[in-house]
Structure formats: structure tokens, C-alpha cells
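Each chain, letter by letter, is given below.
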Amino acid sequence: MKIRIICNNIVYGGRKKNIRIEGVKMSNKKTRELTPIQIKYKDIAKGKEPKRPVVSNCIRAFLVGGIICTLGQGLQWMFINYFNFTEKTASSPTSAVLIILSVLLTGFGIYDHIAQWAGAGTAIPVTGFANSIASAAIEHKSEGYVLGVGGNMFKLAGSVIVFGAFSAFVVAVIKITIKWIGGY
Amino acid sequence: MLVGHQSWQFKTKPAIISSSAVGGPFEGAGELAQDFDIIHKDIWLGQDSFEKAEKIFLEHACERAIVKSGIKKEDIHFFLSGDLMNQIISSSFAARTLGIPYFGIFGACSSSMEGLALASLMVDSGAAKYVIAAAGSHNASTEKQYRYPTGYGGQKPPTAQWTVTGAGAAVIGYKGEGPKVTGATIGKVIDMGLTDPFNMGAAMAPAAVDTIEAHFRDFNRDPSYYDIIATGDLGKVGHEIAVELLIKDGLKLPLEKFKDCGLLIYKKEQPVFAGGSGCGCSATVTYGHFLNLMKKGELNRILVIATGALMSPMSFQQKESIPCIAHAVSIEMER
């Protein structure tokens, strides 16, 4: 494959090679046109890429995610049976305990190691959300409490909150519209 | 002196009078631990931020190299350094400490050989008698700047690489004992349209191949000229691609000769995914491991091709592809 450039008729290793100038157009994704050489290279690179272990990742995510949820279920049961919570109100202290655990593990630098193994298993439950906030807050403490911790805490979680709130708004509008038309 | 299209041959053969490699705890547990001058047990180095720690790594590497060279700091004319931080703060702040006239350079992970090539050129041309070239990186500060907070539990793919925490420095002089820098090939920016920041090896491989081919063409040399031809931080994925591209272009490098610093520095069981990366990777392996082997007489001629990915976290978010560069420097031991 020639990814090559420069001038004509260069002697290399006793052979003459004709090498053309290959300009690469750089722009954003919408307008970027990959040259045939780039497309060919992408295929080569793709072929050499080690595959993500999807099946074992799924099993691990299932196991760890399941363990976290079982732990949550156990906590909820404990709050209902020993602390006079109802099934509905018990969810708040349950999440709080999981969040505290997640933040502690993040602070001690353990969470990211578990997450590398567990993948989506630790990312999807509330623990993953807590980890994204805690890790950013700890990381940016060196830039001070206001601009560092405060300003960066929601660096990763911010978009979840923004789009979570926005999609809730859209769903609510749809629901109200349906009701207004005379639906359920 | 210009040779061919993009290479320099250093007629006066500037000498690497001394060199040093400083690493963190993870590097100390690696394959090349014995080649580091200093191994720090703590990645914070008593500082309150990773960025400050990175600066200390660079300072230690420079101080160590100066002490080993036996040359007074005042006699070193220039300091060339590069790192991966925004506005190359680690290098500039280390230069503030050293108090040596300074050029800050940025070639991402290729800064190590960029610095060595320029330092040798300065010495060769008589612009300086002694120059110190350094480069360093820090795993946590790099993760923080380019990817996610270090404590964030995002799963990394097997193509990801582990940024080396460490720094390397070399004092280059117009005379003196030690391995000689005989030539350098300056790379072009090559962009093959890859966009995955977790697969830098694949993005950088074509740049390395381009520079390697340019080097052999410009000097009209054969790969058999060198005992070791080592790329900077292509990692497992990039190195395999580079081998394949070179074969396709009719340049077969024997695998026992064609190495990658990112694959040498860590032990197999260390969880570094596809291998090591960062300025500190090529700098510590070259200035530590390779130069030690040369002094021991196990290697006579080496070619180091430091590779760099010239993207920023912003350019990646703006959906730009990853432009890459590679600079090659040939170091020879004269006996």
C-alpha cells in the first residue's frame, strides 16, 4: 500500500519507485471524503483490531449488574423490615446507600478496576452515575473547590441530567397532548 | 547536513554524553525496571496535582542526566523539552526550574526524538556545545486531560494503551564519550482518517512506516544496517499493522530487530491493554534501556522512530480524524 508522497523516481533498495503526492482533505465528518487509500487503510486497521470480548463482557455485566441489584434489593428489604419504610419510600435510602458505597470505592481507587472487569455491569446501575460524579469531583480538586470541584463535577453526568430532564419534558408533553385529544 | 529529502546526517557525530530515565511505580514493576535511574514509589511525588508531579518527573530526569554528564549546568546552552499537557506546561515549568535557555517542542509522543534530533542538529551546526533534550508524560494527568477522570469506571477496549509515567533526558555534546547521534529523519504528518482515540497505535502506524521508509531511502541504507529498529509507542495493534504495511511496500524487517518501546517497557501480565504509550515511553526506553545496551556493547546501531498522535480532546469531539507524525533518530556506538 502506498501512503506515500514526495517526488518521482526515487531509488530505494535498488528499485525505482514512482511516488505521488497524496493530499488528504481534512474537515469535519459531514464533508470529509476519505481518499481510496484511507478507506483501504481503515479496512486493514479494522482487520488488526482485537475484537472486544462481547460475550464475556455481557456475562460479566449480567453478573456484576445482578449482584449490585440484588444488593439493592436486600437493602430495600432491610429498610422495609427493620426501619419502618414502605416499599415506595425505601427506594430513597436504598439508592443513597448504593451511592455512598460507590463514592467510597471511587475515592479509594477501587471502582475503576471493578468497572474495567464488569463494564456495563457497574456503569448502568446508580453506582455508575455516582462514580462519574465522584471521580470528576476528586480529579479536579486540584483546581480548587469552586472552579475545580463545582465546575467539573457534572462534566460526565451533566449530559445525563440535561437529556434526562429534556426527554422527561418531551414525554410529558406527549402525554398531555394525548390526554387533551381525549386519549387515556 | 541535508540528506535526501527529509533527513539530516550529523557529520560531527554529536555524542549522547549522558542520559537518564525516571519512572513511576508501575514502570518500576515492568520489564525494564533495571534500566531506570530513579523509580518513584508514588505517582503523586508529594505534589497536590498530577500535573505538578509530571513536572517533577521531568526535572528529576534532567537533573540526573546533568549530574551524570559531569558538565556544569551553566555550560549547557539549551534545553529542549516536550510533553503531552496543554501548552506543554510540564516542560516549560521544568525549564523555569532549570534556568537553561529553552525551546518548548510539541510533537505529542514523538517529542522525545524530535528533541533529540533538534538538539543534535544544534550541536552539529555549532549553535551550541551542549544541549539537553527531554520528554516526559504522566499516566494520570494524560488520562485526565485526554480521556476521563482517573477514577471513572469506563471500560477500555483492548486497543487502548497505557500512558507511561516517567521522563527521559539526554545531554548531547560536541565531544565526549558515549553513543553518537548520526542522523535523523523528520516525519510528515500522515492522517489515514482514523478517529478512535482508544486505538492510537493503528492511527500512528502509517506515520511510522512513512518515516522508516523515508529514512532508508534518504540514507540509501538497508534495514540490516541497524541492530534494533524501534518504534515509539505503536503498541500491539499498531506494530502489527506497521509490519504488514512495510512488507506490502517491500521492506521486510525481521521481527527480532523490529521492536516497539510500548511493547518492551511493561511485563506481559501488567494490564496495559495494547501496550505503553506517551512521550515518557520512547524517552525512557531509549534513554534508559537502549543506551544502556549500547554502552554494554550489546547493540551498536539503533534507529528509534518516536510516533505521535497530534490530536486534542477537542479535535476528537469535533469529529476530526487523528493526524500522526513520526521522527526517526539513528544512534551509533563507535568502537
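Reading the values: rules and limits
Residues numbered from 1 in each chain as written. Chains lettered and ligands numbered in written order. Predicted model: local features only at pLDDT ≥ 70, side-chain atom pairs only at ≥ 80, totals over all residues. Axes fitted to C-alpha atoms, helices over the stretch in contact; angles between N-to-C directions. Helix = DSSP H or I, 4+ residues; strand = E, 2+ residues; numbered from the N terminus. Parallel < 35°, antiparallel > 145°, perpendicular 65-115°, else oblique. Left-handed = near helix turned anticlockwise from the far one by under 90°. Contact = placed C-beta atoms within 7 Å. Nonpolar A, V, L, I, M, F, W, Y, C, P; charged D, E, K, R; others polar. Expected span 1.5 Å × (residues − 1). Buried ≥ 20, exposed ≤ 12 C-beta atoms within 10 Å, placed from the backbone. pLDDT = per-residue confidence, 0-100. Pairing = 2+ DSSP bridges. Domains from an automatic or database assignment. Core = buried A, V, L, I, M, F, W, Y, C linked by C-beta atoms within 7 Å. Right-handed = clockwise from strand over helix to strand, strands pointing away.

(A) Representation of the packing of helix α1 (residues 36-48) of chain A against helix α7 (residues 235-248) of chain B within the structure. The interhelical angle for the contact between α1 of chain A and α7 of chain B, taken along N-to-C directions, is 130°, at an axis separation of 9 Å. Between α1 of chain A and α7 of chain B, the interaxial angle falls into the category oblique. Crossing of α1 of chain A against α7 of chain B: the hand is right-handed. For the pair formed by α1 of chain A and α7 of chain B, the contact residues are Ile44, Ala45 and Lys48 of chain A on the first element and Val237, Glu240, Ile241 and Glu244 of chain B on the second. Of the residues belonging to the contact of α1 of chain A with α7 of chain B, the class tally is 4 nonpolar, no polar and 3 charged.

(B) Here's a closer look at α7 of chain B. Residue and element names in this part refer to chain B. Taking 1.5 Å as the rise per residue, α7 with 14 residues should run 20 Å; its terminal C-alpha atoms sit 20 Å apart, in good agreement. With 11 of its 14 residues buried, α7 lies for the most part within the structure. Taken residue by residue, α7 has Gly235, Lys236, Val237, Gly238, His239, Glu240, Ile241, Ala242, Val243, Leu245 and Leu246 as its buried positions.

(C) Looking closely at the packing of helix α2 (residues 54-82) of chain A against helix α3 (residues 91-107) of chain A. All names here are of chain A. Look at α2 against α3: their axes get within 9 Å of each other, and the N-to-C directions meet at 135°. The orientation of α2 relative to α3 falls into the category oblique. Along this stretch, α2 crosses α3, giving a crossing that reads as right-handed. Packed against α2, whose contacting residues are Gly72, Leu75, Gln76 and Phe79, the element α3 presents Ser91, Pro93, Thr94, Val97 and Leu98 at the interface.

(D) Spotlight on helix α6 (residues 126-139) of chain A. With 14 residues, α6 of chain A should reach 20 Å at 1.5 Å per residue; the first-to-last C-alpha distance of 20 Å fits that figure. Buried residues along α6 of chain A sit in contact with α2, α3, α4 (111-118), α5 (120-123) and α7 (145-152) of chain A together with α5 (139-146) of chain B.

(E) Seen up close, the interface of chain A and chain B. Chain A puts 42 residues into the contact, and the matching count from chain B is 38 residues. Breaking the side of chain A that touches chain B down by element, the ones donating at least two residues are β1 (10-12), α1, α4, α5 and α6 of chain A. When the residues that make up the side of chain A that touches chain B are grouped by side-chain class, the tally is 22 nonpolar, 12 polar and 8 charged.

(F) Structural context of the confidence of the model for chain A. Residues and elements named next belong to chain A. Averaged over every residue, the pLDDT of chain A is 85; residues scoring 70 or more account for 82%. The low-confidence segment residues 1-23 (pLDDT under 50) makes 35 contacts with residues lying over four places distant or belonging to another chain. Residue range residues 25-31 is modelled with pLDDT below 50. Its contacts to residues more than four positions away, or to other chains, number 9 contacts.

(G) Expanded view of the pairing of strand β14 (residues 301-309) of chain B. Residues and elements named next belong to chain B. With 8 of its 9 residues buried, β14 lies for the most part within the structure. Strand direction decides the pairing type here: β14 and strand β15 (residues 324-332), joined by 9 bridges, are antiparallel. Bridging from a neighbouring strand, Ile305 pairs with Ala328 of β15.

(H) Representation of the domain arrangement of chain B. Residue and element names in this part refer to chain B. Under the domain assignment used here, chain B contains domain 1 (2-173) and domain 2 (181-332). A straight line from the C-alpha centre of domain 1 to that of domain 2 covers 17 Å. Contacts between the two partners involve 58 residues from domain 1, matched on the other side by 59 residues from domain 2. No other element matches helix α4 (residues 111-125), which puts 7 residues into the side of domain 1 that touches domain 2. Considered class by class, the residues forming the side of domain 1 that touches domain 2 number 26 nonpolar, 25 polar and 7 charged.

(I) Here's a closer look at the environment of Thr94 of chain A. Residue and element names in this part refer to chain A. You can see Thr94 is positioned in helix α3. Owing to 22 C-beta atoms within 10 Å, Thr94 belongs among the buried residues under this scheme. Taking the C-alpha atoms as reference, Thr94 lies 26 Å from Gly150; in sequence the two are 56 residues apart. When sequence neighbours within four positions are dropped, the list of residues in contact with Thr94 reads Gly72, Leu75, Gln76 and Phe79.

(J) Up close: the confidence of the model for chain B. Looking at chain B, the pLDDT average stands at 96 and 100% of residues meet or exceed 70. Across the assembled chains, the prediction reports ipTM 0.87 with pTM 0.90.

(K) Up close: the nonpolar core. Counting residues in each nonpolar core, the largest one holds 115 residues, and the members touching the most others are Val131 and Ile132 of chain B. Each of domain 1 (2-173) and domain 2 (181-332) of chain B gives at least three residues to this core. Residue contacts for Ile132 of chain B: discarding those within four places in its chain leaves Cys62, Ala65, Ile66, Ile76, Phe79, Ile100, Ala169 and Val171 of chain B. Membership of the second largest hydrophobic core comes to 7 residues, among which are Tyr111, Ala115, Ala118 and Ala123 of chain A.

(L) Region of interest: the pairing of strand β11 (residues 228-231) of chain B. Residue and element names in this part refer to chain B. Burial of β11 is two-sided: the residues Ile228 and Ala230 facing one way and the residues Ile229 and Thr231 facing the other way are all buried. Pairing of β11 with β14, which is carried by 4 bridges, proceeds in the parallel orientation. Across the sheet, residue Ile229 finds its bridge partner in β14, namely Leu303. Bridge analysis of β11 against strand β12 (residues 258-260) gives 3 bridges, and the strand direction is parallel. Across the sheet, the residue bridging to Ala230 is Lys259, located in β12. Running through α7, the crossover from β11 to the neighbouring parallel element β12 is right-handed.

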